[in-house]
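Read off the chains here:
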Amino acid sequence: MTTPSTAVNVLVQTQKMSDPMTSYGKSLVFDFSTQIPAEQMILAYSVALSGFSVQYATQSTVSDERVQQFAIGLVPNLVGNQVIVASNILLTDYNGDAASENQDVSGRESYAIVTVIAIIGTSPTNSWTVTNAFWITSGKDTVSIPSYTNNLAYSQQYIAGFDFSFGSNQQQLNGFQLDTSFASGDPNTSVILSGTVNMSINSDKGLGTVGLGFLAFESPPSGQELGVAIVPVPNPSWSMDSKGSNGMTATFTADITVPSGYQIAPQAAYLMSSIYLDFKDYHDLAIIAAGLTNATLTVDNNNNQVSGSLQMNLYSDEGISTYRIQSDSKLGGWVLVVFEPVS
């Protein structure tokens, strides 16, 4: 049997910040050179945030502080067959303490887990869209982004960074929310993205911007396979340790429909699309985390499944009382897989 060709060639890589002692301006190099056939190139790419865990370190004498600003900025650049992403983590209080410099408090390092999606080929077509939009004001729409949406097989949006600031208005926080969405612009020719970010579940008391990613693939013509699949992460069963300092953790398993003659390639990715972390009441902050706990997902081609480990965390131990994330917290995301011919 001859394996049909794929309508789109997608490459995926995920990395955790390689130096845990640096949380600001660390460049991650996603090198696709060995995966790109001769005569082909990266035609388009997009960056996504797959997980993070952030806490104060530099100059902090205590681990629990009021938050002035919290941000994870992803700045991608294409250099040949490499996508270089500067991963900038910023968590500051009102005394100059931060998680944005070389860390000097053991055990209080911060990290981000970053995914790059690359479309490769010889020339662009109208059958796919992979893109990012950055620095969108929270609650506002982007301009119309060209996206050819006839006969869609998949279209999804995901988180590509955020920035939230309380400014000079000193506030404790009672949660963290980040939502994403998209809508059609001009029929069949464009898409409009939007997102909201907030560190107060009950009301908006600060200023924020969001970074978003979007991908869309048309159904392939007869005799071809699409080459990718995007499935929602099933809501897993979350558990919390007795002290709550590790937040809520869970594992998930996503079932994948695999075309005949293909298998799931090892480089599967998790793309966060929404975060809802509930602190219940207003508190200082020590740890905030969401998404993957490590950069690698497990691919099981015997059962056509992809699995991974997730976390959600809000934690503060202020000496007199301990505060932790609440059980109504939620995390939304997608699993993106690429198919390769069975060898």
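Structural data are supplied above this passage.
Please read these numbers as outputs of a predicted model, since none were measured by experiment.

Before going further, it helps to examine the overall build of the chain. Helix and strand counts for the chain come out as zero helices and 24 strands. Taken over C-alpha atoms, the radius of gyration comes to 20 Å for the chain, in line with the 20 Å a tight globule of 343 residues would show. Judged by the C-alpha coordinates and their principal axes, the chain covers about 70 × 40 × 35 Å. Here the chain holds 343 residues, and 53% of them are scored as buried. Pairs at least 24 apart in sequence give 79% of the contacts found in the chain among residues at least 6 apart. Counting every atom, the chain has about 14300 Å² of accessible surface; 46% of that belongs to carbon and sulfur. Taking the 10 positively charged and 27 negatively charged side chains of the chain as two groups, their mean positions are separated by 10 Å.

Inspection of every chain in the model, using the stated rule, returns one salt bridge. Salt-bridge contacts for R66 lead to D284; the nearest nitrogen and oxygen are separated by 3.8 Å. With R66 in the loop between β4 (41–55) and β5 (69–79) and D284 in the loop between β19 (269–283) and β20 (287–292), this pair connects stretches of sequence that are 218 residues apart. Residue R66 is classed as partly exposed on the basis of its relative accessible area, which comes to 35%.

Take unusual backbone geometry next. Here W135, not a glycine, exhibits a phi torsion of approximately 55°, which is positive. As for its placement among the helices and strands, W135 is situated in strand β8 (residues 128–137). Phi angles above zero are rare outside glycine, and N304 is one such case at about 55°. Relative to the helices and strands, N304 is located in the loop between β21 (298–300) and β22 (305–317). A residue is classified by how much of its surface remains accessible, and N304, at 27% relative accessible area, is partly exposed.

Here we come to the sheet that holds strand β3 (residues 26–31). Taking strand neighbours across the sheet as the criterion, the six strands line up as β3-β6-β5-β10-β13-β8 in an open arrangement whose pairing is antiparallel. Edge positions in the sheet fall to β3 and β8, since each of these pairs with one other strand and no more. Strand-to-strand twist across the sheet, computed as the mean angle between neighbouring axes with direction ignored, equals 25°. Sheet analysis places β5 next to strand β6 (residues 82–92), joined by eleven bridges and oriented antiparallel. Each residue of the ladder has a partner; that of A71, found in β6, is L90.

In this section: the packing of aromatic side chains. With the rule as written, the count across this model stands at eight aromatic pairs. For the pair F164 and F166, a centre-to-centre distance of 5.1 Å together with 85° between the ring planes defines the contact as edge-to-face. Considered together, F164 and F166 belong to a single accessibility category, that of buried residues. Within the aromatic cluster, the residues linked to one another by ring pairs are F52, F70, F162 and F176. Lying over the aromatic face of Y111, K16 brings its terminal NZ or CZ to 4.0 Å of the ring centre.

Tracing the sequence through the fold places P221 in the loop between β13 (207–218) and β14 (224–225). In this structure P221 comes out as partly exposed when scored by relative accessible area, which is 48%. Distance in space between the C-alpha atoms of P221 and A7 is 7.6 Å, their sequence separation being 214 residues.

Conventions and cut-offs
Residues numbered from 1 in each chain as written. Predicted model: local features only at pLDDT ≥ 70, side-chain atom pairs only at ≥ 80, totals over all residues. Heavy atoms only, no water. Helix = DSSP H or I, 4+ residues; strand = E, 2+ residues; numbered from the N terminus. Rg over C-alpha atoms; globule rule 2.2 N^0.38 Å. Buried < 20%, exposed > 50% of the residue type's maximum accessible area, 1.4 Å probe, protein only. Contact = heavy atoms within 4.5 Å. Areas by Shrake-Rupley, 256 points an atom, 1.4 Å probe, with all protein chains shown as cover. Lys, Arg positive; Asp, Glu negative; His and termini not counted. Charge placed at Lys NZ, Arg CZ, Asp CG, Glu CD. Salt bridge = Lys/Arg side-chain N within 4 Å of Asp/Glu carboxyl O. Pairing = 2+ DSSP bridges. Axes fitted to C-alpha atoms, helices over the stretch in contact; angles between N-to-C directions. Phe/Tyr/Trp six-rings, centres within 6.5 Å; stacked < 30°, edge-to-face > 60°. Lys NZ or Arg CZ within 6 Å of the ring centre and 35° of its normal.

These results come straight from atomic positions and should not be treated as a statement about function.
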